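Close look at the chain arrangement
The residues making up each chain are set out below.
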Amino acid sequence: MTARDVRMTSKQAWVLGLASLASFMMALDSLVVTTTLDSIRKDLTASIESLEWIVNAYSLTFAVLLLTGAALGDRFGRRRIFIAGLAVFTIASVACALSPDIGTLIAARALQGLGASMVLPLSLTLISAIFPPQQRGKAMGLYLGFTGLATFSGPFIGGVIAEGLAWQWIFWLNLPVGLVAILLTARRVDESVGPNNRFDVTGVVLVTLGAFGIVWALVRGNVAGWSSAEVLTALVLGVALVVAFVQWERRAPAPMLPMRFFRLRAFATANPANAAVFASLYGTMFFLAQYFQTMHGEGPLGAGLRLMPWTATLMVCAPIAGRLADKVGERNFVVGGLLLQTIGMCWITLVADAGTGYLELLPALIVSGAGLTMAMPAAQKAVVGAVQPQEIGQASGAFMTIRMFGGVFGTTVTVAVFAGAGGYASAEQFGRGFTAAMGAVTAIAFIGMLIALGIPGRRPRAVSAPPQAASAVSRGGGAA
């Protein structure tokens, strides 16, 4: 390989920089929102169910429209849809900042999810299209490193904004960044298209309505009653629609998720194991900052600083695990990571209360964070390594979609457990709910670990992907 092979051109640098900027903006937005949930609750007099929808409205919309965004980019132009997604996300951010009540904020967060579903998969597509195979690994590493920086700094930035200004400013920040990204993308990025594959509209509708019904039942269970007609109807319809989705995908001419993938052991085990990773991650993320603010009396900034050792593990453990997984096998990292998450969350469940010092929780936060970030890249390697090169795009897209549904499920379950055991009336009541919620997170991680034991011990021999496989990877939304 010559020096010319590895030298990045100006056009490549612009594409990489703008794709990374978009990913940074959206990753940062997700983290700062969780840090400011307590401030939003007090300012808008929001219930725990409403706070839950602030997170789930974004995640659910993003999950169900992820494959749609990638398909639209291939059909109508990747740069065009990327810019449209940036515009939607930026406008939605302004709507979030101007929200006079919790209902408006939830609707605006759903619109943000729509924008993200158009931007994030195409950010990887644009990078894959302009970088040749010998440069693509380095480019992806820089892209993910920039995203990791957002994850690391998110709690701190959210705390600074919420305490120094107001929670609305976490959304106002997206306005100048979004405008700059739109203008530069229009000037510096070339248009490209992909294969005009048929789009599985029926599959998207079935899985969207099915997931919404199940989530609605879990959200409303404590309020309306688990045996109420509303909850039972939503749950039954949701499950029925998911079953219908599975049946449809088995005979659809262009399925969004081929059911035959689940006959592959690695695919069938690594996906639910990774869903458990994200369920435990989102459940933990939803309550940790609130715990430090409610139980320890910290402001948003203090809570954000205390979360940074937990988020910092992404920048250290994920790259190492990604490299070593090829040598020792993905199963070891997924099982080991979920075991560490189980230990860390069990630790917090047993010791966390109003009198617990931060140093007593710090080892558990580091162990938990290291476990989660060990498991994530290994699970993705197991999934994409299980399919043929030409199927990597679908497998990667399915992986990212399932993991987001895992995040929605984790948030919903932990909030339901919290609401059933505690509340916000007093620190003592919050402590009871928090302990129960962390117990639920521990159980989810442990179940995920048991599922991960089924991942094959050895990775199948790598098959060199043809040039078109790179396009398939990017179409699948490889931002996972």
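Attention in this report is confined to the structure presented alongside it. (Residues numbered from 1 in each chain as written. Predicted model: local features only at pLDDT ≥ 70, side-chain atom pairs only at ≥ 80, totals over all residues. Heavy atoms only, no water.)

Remarks on the nonpolar core
- In terms of nonpolar packing, the biggest core is built from 130 residues, with Met26, Ile54, Leu86, Leu105, Phe287, Ile348 and Phe434 touching the most fellow members.
- Discounting chain neighbours no more than four positions away, the residues touching leucine 86 are Ala22, Met25, Met26, Val119, Ala181, Ile182 and Thr185.
- By size, the runner-up hydrophobic cluster in this structure holds five residues, among which are Leu218, Ala276, Ala279 and Val413. (Core = buried A, V, L, I, M, F, W, Y, C linked by side-chain atoms within 4.5 Å. Buried < 20%, exposed > 50% of the residue type's maximum accessible area, 1.4 Å probe, protein only. Contact = heavy atoms within 4.5 Å.)

Looking at the packing of helix α2 (residues 10–35) against helix α9 (residues 174–188)
- At a minimum axis separation of 10 Å, α2 and α9 run at an interaxial angle of 155 degrees. Regarding the angle of α2 to α9, the classification is roughly antiparallel. Judged by the twist between their axes, the crossing of α2 over α9 is left-handed. From α2, Lys11, Trp14, Leu18, Leu21, Met25 and Asp29 reach across to α9, where they touch Asn174, Val177, Gly178, Ala181, Leu184, Thr185 and Arg188.
- Taken together, the residues of the contact of α2 with α9 break down into seven nonpolar, three polar and three charged. (Axes fitted to C-alpha atoms, helices over the stretch in contact; angles between N-to-C directions. Helix = DSSP H or I, 4+ residues; strand = E, 2+ residues; numbered from the N terminus. Parallel < 35°, antiparallel > 145°, perpendicular 65-115°, else oblique. Left-handed = near helix turned anticlockwise from the far one by under 90°. Nonpolar A, V, L, I, M, F, W, Y, C, P; charged D, E, K, R; others polar.)

Brief notes about empty space enclosed by the protein
- Under the defined criterion, the tally for this structure stands at three cavities of 30 Å³ or more.
- Of the pockets and cavities examined, the largest cavity occupies roughly 60 Å³.
- Lining the largest cavity, in full, are Ser30, Val33, Thr34, Val55, Tyr58, Ser59, Arg109, Tyr282 and Met285.
- Looking at the lining of the largest cavity, the elements with two or more residues in it are α2, α4 (48–76) and α12 (265–294).
- Taken together, the residues that form the lining of the largest cavity break down as five nonpolar, three polar and one charged. (1 Å grid on protein atoms, 1.4 Å probe; cavity = no way out; pocket = protein on both sides within 12 Å on 5 of 7 lines; lining within 4 Å. Points joined across faces, edges and corners; volume = space filled by probe spheres on them.)

Quick word on the pattern of salt bridges
- Evaluated as defined, the whole model comprises three salt bridges.
- Salt-bridge contacts for aspartate 190 lead to lysine 11; the nearest nitrogen and oxygen are separated by 3.3 Å. With aspartate 190 in the loop between α9 and α10 (201–224) and lysine 11 in helix α2, this pair connects stretches of sequence that are 179 residues apart.
- Residue lysine 11 is classed as partly exposed on the basis of its relative accessible area, which comes to 38%.
- The residue arginine 432 makes a salt bridge to glutamate 428 at a minimum N-O spacing of 3.6 Å. One end of the pair, arginine 432, and the other, glutamate 428, are both in helix α17 (residues 427–452), four residues apart, so they sit about a helical turn from each other.
- On the basis of relative accessible area, arginine 432 is assigned to the partly exposed category, the value being 44%. (Salt bridge = Lys/Arg side-chain N within 4 Å of Asp/Glu carboxyl O.)

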